[in-house]
Amino acid sequence: MPSALTESTDPYCLRPGEAAELLHGHPWRRFVALGDSVVEGMCEPTPGYPDVQWVDRVAAELTAACPELAYRNLGRRGLRAHQVRATQLAPALAFAPDLALVVCGGNDAFHPAYDAEAVDAELTAMITALRAAGADVITVGMFDVSHSPAVPEHLRPGLGERMRRLSAHTASLAERLHTLHVHLTDHPMTADPSLYSTDGRHGSARSDAIATAQTLRTLSHPPPRQTPVDHEVIAATRREGQ
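Residues numbered from 1 in each chain as written. Predicted model: local features only at pLDDT ≥ 70, side-chain atom pairs only at ≥ 80, totals over all residues. Heavy atoms only, no water.

## Topic: the overall build of the protein chain
Formally: Helix and strand definitions follow DSSP, with helices as H or I runs of at least four residues and strands as E runs of at least two, each counted in order from the N terminus. All radius of gyration figures rest on C-alpha atoms, and the globule criterion is 2.2 Å times the number of residues raised to 0.38. With a 1.4 Å probe rolled over the protein chains alone, any residue whose accessible area is under 20% of its type maximum counts as buried; one over 50% counts as exposed, and the rest are partly exposed. Contacts are assigned to residue pairs that have any heavy atoms within 4.5 Å of one another. All accessible areas in this document rest on Shrake-Rupley with a 1.4 Å probe, and a residue is counted as covered only by the protein chains that are shown.
For the protein chain, the helix and strand inventory stands at nine helices and five strands. Mapped from its N terminus to its C terminus, the protein chain presents α and β elements in the order α-β-α-α-β-α-β-α-α-β-α-β-α-α. A compact globule built from 242 residues should have a C-alpha radius of gyration of about 18 Å, and the protein chain, at 17 Å, falls within 12% of that. Each of the three principal axes of the protein chain carries a C-alpha extent, and together these read 50 × 45 × 25 Å. Here the protein chain holds 242 residues, and 52% of them are scored as buried. Looking at the protein chain alone, contacts between residues at least 24 apart form 81% of all its contacts between residues at least 6 apart. Accessible surface computed for the protein chain: about 10800 Å², of which carbon and sulfur atoms make up 56%.

## A short note on unusual backbone geometry
Of note, the phi angle at A96 is positive, near 55°, even though the residue is not glycine. Relative accessible area serves as the criterion here: at 21%, A96 is assigned to the partly exposed category. Located in the positive-phi region is H178, a residue other than glycine, with phi close to 60°. Tracing the sequence through the fold places H178 in the loop between α7 (156–177) and β5 (180–183).

## Some words on the pattern of salt bridges
Going by this rule: Only one rule defines a salt bridge in this text: a Lys or Arg side-chain nitrogen within 4 Å of an Asp or Glu carboxyl oxygen.
Tallied over the full model, the rule gives eleven salt bridges. Through salt bridges with shared partners, a single network forms among D10, D192 and R206.

## A short note on the pairing of strand β4 (residues 136–141)
What counts is decided by this rule: When DSSP finds two or more bridges between a pair of strands, those strands are recorded as paired. Convention used here: a crossover is right-handed provided that the path from the first strand, over the helix, to the second strand proceeds clockwise when the strands point away from the viewer.
Counting buried residues along β4, six of its six residues qualify, which places the element largely inside the surrounding structure. Summarising the sheet, β4 and β5 pair through four bridges and their orientation is parallel. Bridging from a neighbouring strand, G141 pairs with H183 of β5. Each parallel crossover has a hand, and for β4 linked through α7 to β5 it is right-handed.

## Re the packing of aromatic side chains
The test is simple: Aromatic rings from Phe, Tyr and Trp, with only the six-membered ring used for Trp, were paired whenever their centres fell within 6.5 Å, and each pair was classed as stacked if the ring planes differed by under 30 degrees, edge-to-face if by over 60, and tilted otherwise.
Under the counting rule described, the total for this entry stands at one aromatic pair. Note on F31 and Y71: the rings are 5.4 Å apart at their centroids and 20° apart in plane angle, and the pair reads as stacked. Of the two residues, F31 is situated in strand β1 (residues 30–35) and Y71 in strand β2 (residues 70–73); the sequence distance between them amounts to 40 residues. Look at F31 and you get buried, because its relative accessible area is 0%. A relative accessible area of 29% means that Y71 is categorised as partly exposed.

Take a look at the structure:
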């Protein structure tokens, strides 16, 4: 059932002027996003909410606060975690980012044979390489899509368990690897049907608006700056991908 709210009245979205306050003086100049369809942008339009997908909107808000920001979105739908690393890590490092977002594993978790440790290893490899190259890294525990009305009832328990396991593992990695972590899985609205698209796999424009608010609030507390970009790490990763 569609939400009767709009972004301006939604208590979980940004308040007028909040994005500018949160990002004022932010330190980033080069933002890259790696991942699957969540990063590429597959949100379903929702009346009253901007038809701008989550990562592009985060980039737009970062750019509003810093017009010289360079942004590249490498996300591609349908990829599993190992495919994201194999096809996107080298170009991401070549971009020399100081901020990187990494979101994947959802396509792995959609399958009953989901291997949490294998996904952890892929995420760890990407996060470690990006941080070694001088980038702050954003990780995300996504909304639990098993609550989507389009997911058949008999599939919900298993899918929900796997999505929550992915989220918990990602949160543990975030703590260990010192990422900026956006936790949406236990958001008060995660079970609201208005957050999900009719395809049973993706979110709505409302979910992207809420995710944007949570992401910017997380970015408002950046970690201490890291060392400059390590071009030897970039070169080594390029060679590995060849």
